[in-house]
Structure formats: C-alpha cells, structure tokens
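Working through the structure, step by step
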Amino acid sequence: MTTYDLIFYLFALIILVSAFIVVAARNIIYSAFSLLFTFFGVAGIYVLLNADFIAVVQVIIYVGGILVLIIFGVMLTNKITEVEIKTESFQVLPSIIISGIIGGTLVAIFTKTNWKVAEPQILDKTVTEIGRFLVSHYMILFELAGIILLVALIGSVMIARKEKLETEEVEK
Amino acid sequence: MIPDYLAEFFGNKFIGYLIAAALPLFLWILPYALYAVYAERKVSAFMQDRIGPNRVGPKGLFQTIADILKLIQKEDIVPASADKPLFVMAPYVIFAGTFAAFAALPFSSIYIGSNINLGVFYIMAVSSFSVVGILMAGWAGNNKYSLYGAMRSVAQIVSYEVPALLAIVSAVMVIGSLNLNEISEMQTAYFWNWWIFGGPVVGIKKFLLIIPMTIAFIIFFIASLAEVNRTPFDIPEAESELVAGFHTEYTGMKFAMFFLAEYGNMFVVSAISVSIFFGGWQSPFGYLGNSLGISWLIPVEQVFWFLFKGSLLVLVQMWLRWTLPRLRVDQLMTVCWKYLTPYAFINLVLIGIITLF
C-alpha cells in the first residue's frame, strides 16, 4: 500500500462518515455542516485523479456558494424565527433495501467488468486546456450555460423587486 | 526547492513534504501574528497620540508574547448552552482555511509549499472554508451577537469576493498564468517590471497597462480589506454594536486561534497583492548576492523582500483601520455592487482590449 493509497482511503473515509452524518443527523444544522467535510473529501479525490481544476471549482462553488446558502437558510429559519425544524427518518426499511440493491449492482459492475487500464497522464496545464476547449469545441454549450445563468439571475432579481414594489404600495 | 531537499534529507517524500509544509507556520505565521498584534497596538497608539504597550521588555516588545502565554494558561471554557461539537470545531476550521492558503504562496524562488498551476484560484477557494468556519462559530456560541456577526461577516465576504475575483481575473488575463511562483518569476530585475507598472512588456502596451493595472490593484485591495473584515468594513465585529462579532463567546486558546487566523488572512491577501502586482519575491533594485557573487544570499534576499512587501501592505491595512470610520451595512453593499463591481467589469474589458494588440 503506497502513501497515495493511504491518502485515498483517508478521503474516502471522510466522505463516507460525513455523508452518513448528513443523512442520519437529528439536528439539521449538523447535516449542513458535515456537508463541508463531504465536499472537502470529494475535492481531495479529484486532486488524486489529477483533476486539480475541478477540485478547486468544487470547493469554490459547493463550499463557498451552495453550502453557505444552505447554512444561511437553515439558520434564518431555525433560530431567528423560532420555528422548530425536525428531521426524522421515514421508510427506513424500503430505503435500505433500495440503496442496498443499487450499491450491490455498483459493486457487481465494478468487480465483474473487465476495465481497460490506461497509463495515467499527468497534465501540466489543465486550466489552459480547459479554457481552449471552452471557447472552441464546447463553445455553444458554454454560451448556453451562460444564458441559463443570466436568466436565473434576472429571475431572482425580478422576484426580489416584486416584493419591494408591493411593500411600497402598502406604505402608500 | 526546499521541499525536495527535505524529502531527500529524510529519505521519505511524505515526511519531507510534511515538514516543509509546517515551515511557514512556525517560522512565519506565529512570530508574524505576535508582532502584527504588537504593531497594530503601536500604530493605533501613535495615531491617537498615546504611548501604547511599553511595560514588558524594551518598548513593550514582549507584550504580545506575554499575552499569548496568558491565553495558553486560561481555562478552556465552553458555554453551557453552546453547541459543543461545533463550538470546538469552528476555530480549527477557520484556521485550516487560512493555513491552507499559505501552501500556494511563493516565499522565494526555492520555497513554495505547492507549486500548483492554480495558485491564486486555489487560495480564493480555500478561503471559503473560513467562511463556513465563521458561520459555525457564530452559530455554536448560541448568542445573538455572535450570530449577527457571523451573518454580516459572511454576507460581506461573499459579496466582496466578486470584485476581488474580477480584479484578479483582469490581471491574470495580461499575465497568462495563475501560478504565483511563475507570476513572481516574470517580474524580474527592477521594479518597473512589476505588473502594476505594466510588467515586463515592451512598447506602448506597457504604458497603456499602467492605469488599468493600478485600478485592478486598488479594487482588489479594497475588496480584500472587506474579505478580512478590517475597518472600514468591520461591521461583522463592530465593537460598539456586536460586542466582538462571531467570536464573542470564545476564550483562551480558541480566541487566540481566531486572532491568529485573522492576522494570517491579512498577510495572505497582502501576499496575493504582492505576488501579482508588486513583483512577489523579486527585489526592486537587483540582488546584493549577484553583485557580491554569493549565490546562497539570493534566496534569503528573496524571502526578505517577499515578507517585507507583504508586511508593508499589512501595515497599510492597519493604518487604514485607525484612520477611517466604519461603513453602514447599506453603504457597504452600495460600495460593493454599485461601484466596485461595475468598475471591475469596465477594467476587465479595458485590459482585454489592451491585451488584444
């Protein structure tokens, strides 16, 4: 077992334990915070797979953006407005069966398939390559993603503005 | 490179790299944080016509060492109504975010924790761990002031990340690299090759670049002040409103961890400015080692220049803190979204047009 294997199992352990806490925690705030370690572990796995750019993007978007949004949501609804949020586990037995089946299938595929193993390529400049692909080969998809984000942005601004207009009318 | 040398010395890559990674913590962050606190107190005293700490040691030089010794001895108190696991974890998460950023800082041409191609981008990403840590600390204290402080802090950091990243992107467009070590290497020889003075570009382009690069630096500097919660953007820990912000409930060593992280962050943002705009570890006037013919002196000089320029920017942050009043919440958001972000966008387009030629 090399050092890299050890690091891989360390990250795998972090992901599994924290993901279990996300699902099983009674207090929703613990679920939200243990997502931090799940995202961190996934970023670590990406680094081991030589995908440094994706790892950093994973951290910047999921930890810096989405996780902060989730925690904000939980905090604003849970403690300030004094609304009790309860998390409970429903349908434990069926979910265990279904996830067991899915997990078993994955393990079966993993062990039965004759995987083709390629020599690991160490890419020197991932960012440059990704940038070149984004403005050449995947140009249309890239632009489309931009348009979708813009639409979402305008939509959220419209929703926020509408409320403001209504309150102004009430004040009048 | 020092990490490789250490790996060879210990005969194991893993142990060598681990020791190399711990070097900035023990050789720089701890002594720097102690003396930055001392400097902050002295600067504030100077500006307010006071003397400042002057009892422990000559000119009070050992004051902060005495302070940290006191903090280590303090009882480790966890408030009864606090959320214990999160309360204990928060300081470490925040400090981990700060310390992880040091991995991509080029201290000299022979020492950089990790010579990754994503340098700046990586530092911006790991600083989001600190954001989650702040939320954790604010929540776990179970105190309304902590929670308000954490909310304000995070809202501010998330907003000001936008102009900061845009300013960096506009600089990176000219430079063509995200690796801080490479960026430092480019700005060789004399200070007119620093990117804020147009970089090692020849011809009219260099002069055209000076103004947009200066604007990019100013935008990044203002936004970075907000990201490390310094005055004029210190509403997260506004003493007169919120006691101490998100770390109100913390005492002893945990409180010291927050302090260490705060001062560490101040150095990280200054070091990014230094590496991108002010030549990184390059000397502004050529190296003494070169003129004397002593080759081992050059890396030492590089470490000196990097730390010197970084500390100088930290000093500017302190100077601003004791000069400017605090912004209100609405003014804070106005500055970010109505001024800094549009200017950063215009600057981005401008630099893009200049680099086309």
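Note that this is a predicted model, so its numbers are computed, not measured.

We now examine the interface of chain A and chain B. Residue-level contacts link 30 residues of chain A with 28 residues of chain B. Of the roughly 2600 Å² buried at the junction of chain A and chain B (both faces included), carbon and sulfur atoms supply 82%. One can count zero salt bridges joining chain A with chain B. Joining chain A to chain B, the criterion identifies zero residue pairs in polar contact (both at pLDDT 80 or more). Contributing elements (two or more residues each) for the side of chain A that touches chain B: α1 (3-24), α2 (28-48) and α3 (52-80) of chain A. Counting residues per element, the side of chain A that touches chain B draws most heavily on α3 of chain A, at 17 residues.

Turning to unusual backbone geometry, a few remarks are in order. All names here are of chain B. Phi is positive for D49, which is not a glycine, with a value near 60°. Along the polypeptide, D49 turns up in the loop between α2 (13-47) and α3 (63-73). Look at K59: it is not a glycine, yet its phi comes out positive at around 55°. The topology assignment puts K59 in the loop between α2 and α3.

On to the domain arrangement of chain B, then. Residues and elements named next belong to chain B. Domain parsing of chain B yields domain 1 (1-73) and domain 2 (84-356). Each of domain 1 and domain 2 has a C-alpha centre, and these two points are 19 Å apart. Here domain 1 packs against domain 2, burying approximately 2300 Å² in sum over the two surfaces, 78% of which is carbon and sulfur. Ionic pairing is found between R321 and E40, a salt bridge with its closest N-O pair at 3.3 Å.

Moving on, we come to the environment of E119 of chain A. Residue and element names in this part refer to chain A. Its location among the elements puts E119 in the loop between α4 (92-112) and α5 (126-135). Under the relative-accessibility criterion, E119 is labelled exposed at 70%. Along the primary structure E119 and G73 are separated by 46 residues, whereas in three dimensions their C-alpha atoms are 45 Å apart.

Side-chain pairing between opposite charges can occur once the charged atoms of the two side chains come close. Residue and element names in this part refer to chain B. With the rule as written, the count across this model stands at five salt bridges over all chains. The salt bridge partner of D330 is R328, with a shortest N-O separation of 3.0 Å. For D330, a relative accessible area of 43% corresponds to the partly exposed category.

Turning next to empty space enclosed by the protein. All names here are of chain B. Following the criterion strictly, the structure yields one cavity of 30 Å³ or more and no others. Taken as a whole, the largest cavity spans an internal volume of roughly 350 Å³. For the lining of the largest cavity, the elements supplying multiple residues, two or more each, are α4 (84-101), α5 (119-140), α6 (144-175), α8 (204-227) and α10 (252-277). Of the residues forming the lining of the largest cavity, the biggest block, seven residues, is contributed by α10. Of the residues assigned to the lining of the largest cavity, the class counts are 15 nonpolar, six polar and four charged.

All names here are of chain B. Helix length check: α8 (24 residues) gives 35 Å between terminal C-alpha atoms against 34 Å at 1.5 Å per residue, within 8%. The largest bend in α8 is about 35°, located at I210, with the proline P212 one to four residues further on. Positive backbone phi, approximately 60°, marks N229, located one or two places after α8.

With 124 residues, the main nonpolar core has F33 of chain A together with F267 and I276 of chain B as its most contacted residues. The two domains that each donate at least three residues to this core are domain 1 (1-73) and domain 2 (84-356) of chain B. Non-local contacts of I276 of chain B, meaning those with residues more than four positions away in its chain, are made with V120, I168, A171, I175, L180, I183, Q187 and W195 of chain B.

Attention now goes to α5 of chain B. Residues and elements named next belong to chain B. Taking 1.5 Å as the rise per residue, α5 with 22 residues should run 32 Å; its terminal C-alpha atoms sit 32 Å apart, in good agreement. Within α5, 22 of the 22 residues are buried, which leaves it mostly tucked inside the rest of the structure. Just beyond α5, the residue with positive phi is N142, at close to 55°.

We now examine the side chain of S34 of chain A. Residue and element names in this part refer to chain A. As for its position among the elements, S34 is in helix α2. S34 gets classed as buried once you look at its relative accessible area, which sits at 8%. Here the side chain of S34 touches S18 through a polar contact of 3.3 Å, landing on its backbone oxygen.

Moving on, we get to the packing of α10 of chain B against helix α12 (residues 297-321) of chain B. Residue and element names in this part refer to chain B. Here α10 crosses α12 at 120°, and the two axes come no closer than 8 Å. Here the hand of the crossing between α10 and α12 comes out right-handed. Contacts from Y263, M266, F267, V269, S270, A271, S273, V274 and S275 of α10 reach α12 at F306, L307, K309, G310, S311, L313, V314, Q317 and M318. Within the contact of α10 with α12, the residues separate by chemical class into eleven nonpolar, six polar and one charged.

This part covers the packing of α8 of chain B against α10 of chain B. Residue and element names in this part refer to chain B. Between α8 and α10, the shortest axis-to-axis distance is 10 Å and the interhelical angle comes to 170°. Taken as axis vectors, α8 and α10 run roughly antiparallel relative to one another. For the pair α8 and α10, contact is made by M213, A216, F217, F220 and S224 and by V269, I272, S273 and F277, respectively. Of the residues in the contact of α8 with α10, the class split is seven nonpolar, two polar and no charged.

Parameters and conventions
Residues numbered from 1 in each chain as written. Chains lettered and ligands numbered in written order. Predicted model: local features only at pLDDT ≥ 70, side-chain atom pairs only at ≥ 80, totals over all residues. Heavy atoms only, no water. Contact = heavy atoms within 4.5 Å. Buried area = accessible area lost by both parts, 1.4 Å probe. Salt bridge = Lys/Arg side-chain N within 4 Å of Asp/Glu carboxyl O. Polar contact = N/O pair within 3.5 Å; in protein donor to acceptor, adjacent residues only side chain to side chain. Helix = DSSP H or I, 4+ residues; strand = E, 2+ residues; numbered from the N terminus. Domains from an automatic or database assignment. Buried < 20%, exposed > 50% of the residue type's maximum accessible area, 1.4 Å probe, protein only. 1 Å grid on protein atoms, 1.4 Å probe; cavity = no way out; pocket = protein on both sides within 12 Å on 5 of 7 lines; lining within 4 Å. Points joined across faces, edges and corners; volume = space filled by probe spheres on them. Nonpolar A, V, L, I, M, F, W, Y, C, P; charged D, E, K, R; others polar. Expected span 1.5 Å × (residues − 1). Bend = angle between axes of the 7 residues up to and from the residue. Core = buried A, V, L, I, M, F, W, Y, C linked by side-chain atoms within 4.5 Å. Axes fitted to C-alpha atoms, helices over the stretch in contact; angles between N-to-C directions. Left-handed = near helix turned anticlockwise from the far one by under 90°. Parallel < 35°, antiparallel > 145°, perpendicular 65-115°, else oblique.

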